[in-house]
Amino acid sequence: MRLLIALGGNALLKRGEPMTAQNQRANVRTACEQIAKAYEGNELIISHGNGPQVGLLALQNNAYKAVPMYPLDVIGAESLGMIGYMIQQELANFVPKSATLCNVLTQTEVDPKDPAFQHPTKPVGPVYTKEEAEALAAKEGWSIAPDNDKFRRVVPSPEPKRIFGLKSLKTLVEAGHIVICCGGGGIPTYYDEEGRLRGAEAVIDKDLASSVLAADLDADLFIIATDVDGAYLDWGKPEQRRIAQADPKSLREYGFAKGSMGPKVEAACRFVEKSGKTAVIGALDKIDEILAGRSGTRVVAEEGVVFA
């Protein structure tokens, strides 16, 4: 099969964990050990988030006052090189030595008139207490929003319209390379009124962009790998239930939270509607069970809902 596995940024730097290079590499190593289980007999495409990392780089960038802070698209590109390098290196230690890996810096087109630019919603960087977040918002001019029991900086997150470079990506996949691409949803870019390609001050949702990529690359299975084993109803309550399988219409009707499972559900639904194939939301450490159809929330074209 042709698989696209979308790794969450928080799987690479865990919530509340010190944002050191050592911690990130350790988490990448753990992720790659799991991803390697999907390599044998399959074509493998890997995308990844970058929310914690792009926020950290922005903080570091802002600490040097001699020059203005670099724009978010450039900082995003920096984060994609960093994360892609670690994935490429660590995954090489778990797949056969004959395997070839490549990391492609990918641009994603957005609409400069997307209303998201007026309503920042995408969390980036570390978590803060309410008091810390409000102080930073006042000092730096940030928008902030609740993130569970903490607060984070939020930035615009426009809809991905298309992924640039699909022909090159297809060539690499068909030639048998493991391709790491569309990190962080891709670098947000747009055409200005003069037809020039420019970067946008934004961060694209990784899952929504990966959904576009998976459909356009004719993936047979789209896996959204996260830290829970699927989408649940009544999450955190004694009566919680995992959805084992559902069609897009039924799944959307449950109204998952926009700040957590919502974008993953929407991304999975869009892929199924566009391709007619299967998407799975599941735990990274159960990827072999996901491939065997025994774990995760499977989103399929067939109508109906099945609970685990």
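Above: the structure in question.
What counts as what
- Residues numbered from 1 in each chain as written.
- Predicted model: local features only at pLDDT ≥ 70, side-chain atom pairs only at ≥ 80, totals over all residues.
- Heavy atoms only, no water.
- Helix = DSSP H or I, 4+ residues; strand = E, 2+ residues; numbered from the N terminus.
- Expected span 1.5 Å × (residues − 1).
- Buried < 20%, exposed > 50% of the residue type's maximum accessible area, 1.4 Å probe, protein only.
- Contact = heavy atoms within 4.5 Å.
- Axes fitted to C-alpha atoms, helices over the stretch in contact; angles between N-to-C directions.
- Parallel < 35°, antiparallel > 145°, perpendicular 65-115°, else oblique.
- Left-handed = near helix turned anticlockwise from the far one by under 90°.

This part is about helix 2 (residues 21-35). With 15 residues, helix 2 ought to run about 21 Å at 1.5 Å a step, and its terminal C-alpha atoms sit 21 Å apart, in line with that. Among the residues making up helix 2, those that are buried are Gln24, Arg25, Asn27, Val28, Ala31, Cys32, Gln34 and Ile35.

Relative to the helices and strands, Ala267 is located in helix 9 (residues 262-275). When the C-alpha atoms of Ala267 and Gly76 are compared, they prove to be 21 Å apart, with 191 residues separating the residues in sequence. Discounting chain neighbours no more than four positions away, the residues touching Ala267 are Asp207, Leu208, Ser211, Phe222 and Ile224.

Attention now moves to the packing of helix 7 (residues 206-216) against helix 9. Contact pair helix 7 / helix 9: the axes reach a minimum separation of 8 Å and the direction vectors enclose 15 degrees. Taken as axis vectors, helix 7 and helix 9 run roughly parallel relative to one another. For the pair helix 7 and helix 9, the crossing hand works out as right-handed. Contacts between helix 7 and helix 9 involve Asp207, Leu208, Ser211, Ala214, Ala215 and Asp216 from the first element and Pro263, Lys264, Glu266, Ala267, Arg270, Phe271 and Lys274 from the second.

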